[in-house]
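Coordinate analysis (summary)
Each chain, written out:
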Amino acid sequence: TTFTAMTANENAFAEELIAYWLSFVRSHDPNKFKLARSPTWPPFTVTHPQRIVLQEGTTTASESHPETVSDAEIGRCAFVATKVNHQQN
């Protein structure tokens, strides 16, 4: 294994992820302490099933963005959720 240092853009992406995570841990809200360059993480609700797509950007601009979860994907997740009691270790 060869270690290579992270690039400036990789460091910026890591900072963005850490800021979202620490904001959630501190306040139960990923947006309260997010970086200024980061988009608002939308709430996931039944009427507005949205999530954030985390993508590496640059040191000054985030490429992360919100997207709506498709009905097909919601259906797949609901199906998998029905298996939890039958497939425990």
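Analysis parameters
- Residues numbered from 1 in each chain as written.
- Predicted model: local features only at pLDDT ≥ 70, side-chain atom pairs only at ≥ 80, totals over all residues.
- Heavy atoms only, no water.
- Helix = DSSP H or I, 4+ residues; strand = E, 2+ residues; numbered from the N terminus.
- Rg over C-alpha atoms; globule rule 2.2 N^0.38 Å.
- Contact = heavy atoms within 4.5 Å.
- Areas by Shrake-Rupley, 256 points an atom, 1.4 Å probe, with all protein chains shown as cover.
- Salt bridge = Lys/Arg side-chain N within 4 Å of Asp/Glu carboxyl O.
- Buried < 20%, exposed > 50% of the residue type's maximum accessible area, 1.4 Å probe, protein only.
- Phe/Tyr/Trp six-rings, centres within 6.5 Å; stacked < 30°, edge-to-face > 60°.
- pLDDT = per-residue confidence, 0-100.

So, on to the overall build of the chain. Assigned secondary structure in the chain consists of two helices and two strands. Start at the N end of the chain and walk to the C end: the helices and strands fall as α-β-β-α. Taken over C-alpha atoms, the radius of gyration comes to 17 Å for the chain, far larger than the 12 Å a tight globule of 89 residues would show. Considered along the principal axes of its C-alpha atoms, the chain spans approximately 45 × 40 × 25 Å. For the chain, the share of sequence-separated contacts (at least 6 apart) that also reach a separation of at least 24 residues comes to 29%. In the form shown here, the chain has an accessible surface area of approximately 6800 Å², with 58% of it arising from carbon and sulfur atoms.

Bringing the pattern of salt bridges into the picture now. Scanning the entire structure with this criterion turns up three salt bridges. With its nearest N and O atoms 2.7 Å apart, the salt bridge here joins Arg 51 to Glu 67. Of this pair, Arg 51 sits in strand β1 (residues 50-53) while Glu 67 sits in strand β2 (residues 65-68), placing them 16 residues apart in sequence. Given the relative accessible area of 29%, Arg 51 is considered partly exposed. Glu 73 is the salt-bridge partner of Arg 51, the closest N and O atoms lying 2.9 Å from each other. On the criterion of sequence distance, the pair formed by Arg 51 in strand β1 and Glu 73 in helix α2 (residues 71-81) is long-range, its members being 22 residues apart.

Another aspect to go through is the packing of aromatic side chains. Summed over all chains, the structure comprises two aromatic pairs. Considering the side-chain rings of Tyr 20 and Trp 41, the 5.1 Å spacing of their centres and the 85° angle between planes classify their relative orientation as edge-to-face. Of the two residues, Tyr 20 is situated in helix α1 (residues 8-27) and Trp 41 in the loop between α1 and β1; the sequence distance between them amounts to 21 residues. The partly exposed category is assigned to Trp 41, whose relative accessible area is 30%. Considering the side-chain rings of Trp 21 and Phe 24, the 6.4 Å spacing of their centres and the 35° angle between planes classify their relative orientation as tilted. Placement of the pair is Trp 21 and Phe 24 together in helix α1, with a separation of three residues, close to one helical turn.

With that settled, the discussion passes to the confidence of the model for the chain. This prediction gives the chain a mean pLDDT of 94; 98% of its residues lie at or above 70. Looking across the chain, the model is least confident in α2, with a mean pLDDT of 92, and most confident in α1, with 98.

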